[in-house]
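In case you want the letters, here they are:
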Amino acid sequence: MKRDTQLTRAGRSHHGTRPVNAAIQRASTVLAGEAKDLYNRPDGIPLYARFGMESQNALKSALCEMQAADYCALTPSGLSAMTLATIACVSNGGHVLAADCLYGPTRMFLSDLLPDWGVKVEYFDPRIGGGISQHIRENTQLVFCESPGSLTFEVQDIPAISAAAHKVGARVLVDDTWSAGLNANMLDLGADYAAQSLTKYAGGHSDVIMGAVLCRGDNAERLKGAEWRLGLCVSPDDAFLVSRGLRTLGMRMDKSGAASIEIAERLAERPEVSEVLHPARADHPDHAIYTRDFSAPAGVFGVQFKDWDIARSERFLDALEIFGLGFSWGGFESLAVHCDPQLRRNFRDQRDGALIRLAIGLEDVDDLWNDLEQAIRASA
Ligand SMILES: *Cc1c(COP(=O)(O)O)cnc(C)c1O
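Residues numbered from 1 in each chain as written. Predicted model: local features only at pLDDT ≥ 70, side-chain atom pairs only at ≥ 80, totals over all residues. Heavy atoms only, no water.

With that settled, the discussion passes to the overall build of the protein chain. Per the secondary structure count, the protein chain includes 11 helices and 12 strands. Rg of the C-alpha trace for the protein chain: 21 Å, near the compact-globule value of 21 Å for 380 residues, within the 12% margin. Considered along the principal axes of its C-alpha atoms, the protein chain spans approximately 75 × 50 × 35 Å. For the protein chain, the residues scored as buried account for 55% of the 380 residues in total. Put simply, the protein chain shows about 16500 Å² of open surface, and 51% of that area lies on carbon and sulfur atoms. Taking the average place of the 38 positive charges on the side chains of the protein chain and the average place of its 50 negative ones, the gap between the two points comes to 5 Å. (Helix = DSSP H or I, 4+ residues; strand = E, 2+ residues; numbered from the N terminus. Rg over C-alpha atoms; globule rule 2.2 N^0.38 Å. Buried < 20%, exposed > 50% of the residue type's maximum accessible area, 1.4 Å probe, protein only. Areas by Shrake-Rupley, 256 points an atom, 1.4 Å probe, with all protein chains shown as cover. Lys, Arg positive; Asp, Glu negative; His and termini not counted. Charge placed at Lys NZ, Arg CZ, Asp CG, Glu CD.)

Bringing the sheet that holds strand E5 (residues 171-175) into the picture now. The strand order E1-E7-E6-E5-E4-E2-E3 describes an open sheet built from seven strands, whose pairing is mixed. If you trace the sheet from one side to the other, it starts and ends with strand E1 (71-75) and strand E3 (120-124), each paired once. Shown here is a sheet whose adjacent strand axes are inclined to one another by a mean of 20°, direction ignored. Across three bridges, the pairing between E5 and strand E6 (residues 193-197) is parallel. (Pairing = 2+ DSSP bridges. Axes fitted to C-alpha atoms, helices over the stretch in contact; angles between N-to-C directions.)

This part covers the side chain of Gln141. One can find Gln141 in strand E4 (residues 140-146). Relative accessible area serves as the criterion here: at 18%, Gln141 is assigned to the buried category. At 2.8 Å, the side chain of Gln141 and the side chain of Ser91 are in polar contact. (Polar contact = N/O pair within 3.5 Å; in protein donor to acceptor, adjacent residues only side chain to side chain.)

Okay, the site of the ligand next. In the neighbourhood of the ligand, 14 residues make up the surrounding shell, with Gly78, Asp175, Ser197, Thr199 and Lys200 lying closest. In this structure, an oxygen atom belonging to the ligand sits 2.5 Å away from a side-chain N or O atom of Thr199. For the ligand, an oxygen atom lies 2.6 Å from a polar atom in the side chain of Lys200. For the ligand, whose accessible area on its own is 380 Å², the fraction buried by protein is 90%. (Near = heavy atom within 4 Å.)

Okay, here's the thing in structure tokens:
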């Protein structure tokens, strides 16, 4: 089945009389019929709702189908998907290699908590590719990538990084929120764990926060172990909302991705712009890896404005009428933020001007362009 057919069918039953969507089952306790069932459920239904009821299970199955994964853990946020997958892979005495372009709060988790747990964290240049092998040590347990990276949009060479990591038995985790696991499959590319914030495109309507970690084969055991011991779970209502988002994920990403290329193109022509950071553009430094590994773009990208200071960035943002000002992305409404106050980089931190992130939503592309143009003028 092709992508869009799969998205309409994934995680649903296709037999017998049934409602189209999985039921929202509000529960903590699930009663056993007989005492002998308390510790041994012949039908496999767990007796406690932390392990997931119908709507959570339907969402897990749908995500597994989309990425040909064997196991999916749902987490209360995208950030907790990253922390769960990390915890599943590290132990005292270990070493983590982390891409310099990781989402800020993920970086804070690694830098602020792991050293206290006896785990060393070292950042690497996201464009390192197979050169990662020079940084891999005997005790390297995890290589943590995010592709493309937050704010700066570096695309990592996951096959090359995975090949080097697997030589010493290190696991590879990729935050693939940008592709939503739809426009690229990090597990096919060699990653052990693909984790994403479902808050973004999968949810799609700015009304739910959730994350997922997916994996195949033996990698499920350690993930499951950490998930259960940490007690992570999500509400049945939220799982229902994300499943509903999946049905339109393909068309929403297509529209937002195509509009983002159009807008990136027009911005690149403007004299105020020094660089457009969009992997789908031919002038992006990682464009070759992007075209090899991704089938389509998301609608989120960066724009660097020459010589702009924070005050000009703020005048620009305040002049926008259609774009909302706000964090997150992947919803129906276009959003803009200036990134400089939150940028933390060990590599390539020299930039020419101000970095603004645009998340293109589902509005008309000409309306969005007119809004950007008038705001650039108004900010002068
Ligand atoms: C938003 C985001 C997260 C965190 O997701 P939440 O659902 O907001 O916790 C993690 N990684 C990336 C790349 C993100 O964009």
